[in-house]
Amino acid sequence: MAFPDGFLWGGATAANQCEGAFDADGKGLSTADVMTAGAHGIKRRVTPELEPGTYYPSHTAIDHYHHYREDIALFAELGFTCYRFSVNWTRIFPEGDEEQPNEAGLAFYDGILDELERHGIEPLVTISHFETPLGLVEKYGSWENRAVVDCYLRYARTLFTRWRGRVHLWLTFNEINCMSTQPWVAAGIASEDEGVRMRAAYHQLLASALATQMAHEIDPANRVGAMYAGHFAYPASPDPADVIGTMRFMQRMLFYLDVMCHGSYPPYKLRELERQGIALPVEPGDAEALAAGTVDFVSYSYYNTHVTGAKTRGIIKGMNGLDTGYKNPHLNRSDWGWTIDPTGLRFSLNLLYERYRRPLMIVENGLGAVDTVEEDGSVHDPYRIAYMRDHLLELECAIEHDGVPVMGYTMWGPLDIVSASTGEMKKRYGVIYVDVDDGGCGTFARSRKDSFAWYQKVIATNGASLHEDA
């Protein structure tokens, strides 16, 4: 068995979790920049203004802004053929609604693309990854206001035009279904009101469709994908009530992809909105835009699975480690309480391909764990190797045995970065260790963990080495 020729191997990061330099070269504040640090069991706070003496992880992160050449050289050493990164909207449009972009911000990403091209690594660019300009929140009320759609399209057009011929793979929004779980993170929406969330979600879905059309018009070689936060659930029991409860949970998550792939709201969602008394802000031409702006492929993050049932209902809170009211006794958990379910990856790939018939791509997968640096500077992380190996073997089964077309795999994140859910650094995902602690202190030096050489060999053999120690 082997992965297909041309399979994209790499890693993924988010600007607000790695770049730092939060106010450098004309950058404005984003929603991520007003989120304090948290910890396992301690929520991050959103502050209306920056509080003196309070630590905000995005402000320094791992200073990728000044280390990107070194970081990309390490990616090349790993053998990456693809690197997924996001553009920080407020580097390009500091307030979000300017007519002209900030040239210094564009130049920074030009430099990243230069390095990727030099090393033969294909870029996969996420246009909006959990960092809405704070100016759009304060002036317009964020994505509930249709005016933000135009601001996003101006931003997207800038990127499509600037990098025409240099970037061909795009994602419009990171984990777009997080509007239903973490609306502040997804869109700068602080309201608990479901109507507010669903109106904001409608505008993001409309913006994605219009941006997808735009990308194709500017460069027919562009391929635009959806990006789904990988929520997948098993029924708590064969009780029909648990089966229907699980169906409803998955519908609340998957309706976003239904719109992006099928070009219209599914009937089950329209009926749910009707029961809730929520009217979508539909204007003439919107239906045609949604239908014409369907995506070319489906990408998603996969970390765990849930158990759901009759008592899983209402507004769902949290990120991937959701409290659904049930536990899975058959699975182990990470230090942060997330289930570890490699077989669920194969299940998810089959589910999504059967539903959407689009090529798929795993653009986030990894294990957040506490790493120990030995006296000689080494980091032994067999737990991370085991996690990645087991998941990649299931990915291979989905491709080889089930016939699911998978474009590639970009692990999260190739180097240690700030955790989006907790703001911690000790929740480390990387095969590259970064010397920064939970308070933003350290040398910022990069070093290779044991998993670095392991992943390097996996890529070099196009997955064949996975069977050496399986």
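Structure report, in brief.

Moving on, we come to the overall build of the chain. Scanning the chain from N- to C-terminus turns up 14 helices and 14 strands. Against the compact-globule benchmark of 23 Å for 470 residues, the chain has a radius of gyration of 21 Å, which places it among compact chains. In terms of overall dimensions, the chain has C-alpha extents of about 60 × 55 × 45 Å along its principal axes. Going through the 470 residues of the chain one by one, you find that 62% of them count as buried. Pairs at least 24 residues apart make up 76% of the contacts formed inside the chain by residues separated by at least 6 positions. If you sum the accessible surface of the chain, you get close to 17100 Å²; carbon and sulfur atoms cover 52% of it.

A separate point is the packing of aromatic side chains. Tallied over the full model, the rule gives 33 aromatic pairs. The side chain of R91 reaches across the aromatic face of F108, ending 5.6 Å from its centre. Between K427 and the ring centre of W338, over which it is positioned, the NZ or CZ distance is 4.0 Å.

Let's shift gears to the packing of helix 6 (residues 147–162) against helix 8 (residues 194–218). It is the contact of helix 6 with helix 8, at a shortest axis distance of 10 Å, that shows an interaxial angle of 25°. On the basis of the axis angle, helix 6 is roughly parallel to helix 8. The way helix 6 lies across helix 8 gives a crossing that is right-handed. In this structure, helix 6 uses V149, Y152, L153, A156, R157, F160 and T161 to contact helix 8, whose residues at the interface are H203, A207, L210, A211, M214, A215 and I218. Split into classes, the residues belonging to the contact of helix 6 with helix 8 amount to eleven nonpolar, two polar and one charged.

A word on helix 12 (residues 342–356). Its 15 residues place the ends of helix 12 22 Å apart at the C-alpha level, agreeing with the 21 Å of an ideal helix rising 1.5 Å per residue. Residues P342, G344, L345, S348, L349, N350, L352 and Y356 constitute the buried set of helix 12. Backbone geometry just downstream of helix 12 places R357 in the positive-phi region, at approximately 50°.

The next subject is empty space enclosed by the protein. Rolled over the atoms, a probe as big as a water molecule pinpoints where empty space is left. Here the structure, examined in full by the defined rule, presents six cavities of 30 Å³ or more. Considered as a void within the structure, the second largest cavity measures approximately 100 Å³ in volume. A per-class count over the lining of the second largest cavity returns six nonpolar, four polar and one charged.

Bringing unusual backbone geometry into the picture now. We note that F130 has phi near 60°; this positive angle belongs to a residue other than glycine. Inspection of the secondary structure puts F130 in the loop between strand 3 (122–128) and helix 5 (134–140). Relative accessible area serves as the criterion here: at 7%, F130 is assigned to the buried category. In this structure, E175 takes a positive phi of about 40° despite not being glycine. For E175, the position within the fold is in the loop between strand 4 (169–173) and helix 7 (183–187). On the basis of relative accessibility, which here comes to 3%, the residue E175 falls in the buried class.

In this model, the second largest pocket occupies a volume close to 170 Å³. Elements with a minimum of two residues in the lining of the second largest pocket: helix 9 (240–262) and helix 12. Its residues assigned to classes, the lining of the second largest pocket comprises six nonpolar, two polar and one charged.

Let's shift gears to the packing of helix 2 (residues 64–78) against helix 4 (residues 103–118). Contact geometry for helix 2 and helix 4: axes closest at 9 Å, N-to-C directions at 10°. By the criterion of interaxial angle, the relationship of helix 2 to helix 4 is roughly parallel. Of the residues in helix 4, those in contact with H64, Y65, Y68, R69 and I72 of helix 2 are F108, G111, I112, E115 and L116. Residues that form the contact of helix 2 with helix 4 fall into these classes: six nonpolar, two polar and two charged.

With that settled, the discussion passes to the nonpolar core. In terms of nonpolar packing, the biggest core is built from 141 residues, with W143, Y152, L349, L395, Y409 and Y455 touching the most fellow members. If near-sequence neighbours (up to four positions away) are discounted, Y409 is found in contact with F7, L8, W9, G10, M361, I362, N365, M388, L392, L395 and Y455. Listed in part, the ten residues of the second largest apolar core include C82, L171, M227 and M407.

What follows covers the pairing of strand 11 (residues 360–364). With respect to burial, strand 11 is a largely interior element, five of its five residues being buried. Inspection of the sheet shows strand 7 (residues 297–301) paired to strand 11 by four bridges, in the parallel sense. Pairing of Y300 across the sheet is with I362, part of strand 11. Taken together, the two bridges between strand 11 and strand 12 (residues 406–412) define a ladder with parallel strand orientation.

Analysis parameters
- Residues numbered from 1 in each chain as written.
- Predicted model: local features only at pLDDT ≥ 70, side-chain atom pairs only at ≥ 80, totals over all residues.
- Heavy atoms only, no water.
- Helix = DSSP H or I, 4+ residues; strand = E, 2+ residues; numbered from the N terminus.
- Rg over C-alpha atoms; globule rule 2.2 N^0.38 Å.
- Buried < 20%, exposed > 50% of the residue type's maximum accessible area, 1.4 Å probe, protein only.
- Contact = heavy atoms within 4.5 Å.
- Areas by Shrake-Rupley, 256 points an atom, 1.4 Å probe, with all protein chains shown as cover.
- Phe/Tyr/Trp six-rings, centres within 6.5 Å; stacked < 30°, edge-to-face > 60°.
- Lys NZ or Arg CZ within 6 Å of the ring centre and 35° of its normal.
- Axes fitted to C-alpha atoms, helices over the stretch in contact; angles between N-to-C directions.
- Parallel < 35°, antiparallel > 145°, perpendicular 65-115°, else oblique.
- Left-handed = near helix turned anticlockwise from the far one by under 90°.
- Nonpolar A, V, L, I, M, F, W, Y, C, P; charged D, E, K, R; others polar.
- Expected span 1.5 Å × (residues − 1).
- 1 Å grid on protein atoms, 1.4 Å probe; cavity = no way out; pocket = protein on both sides within 12 Å on 5 of 7 lines; lining within 4 Å.
- Points joined across faces, edges and corners; volume = space filled by probe spheres on them.
- Core = buried A, V, L, I, M, F, W, Y, C linked by side-chain atoms within 4.5 Å.
- Pairing = 2+ DSSP bridges.

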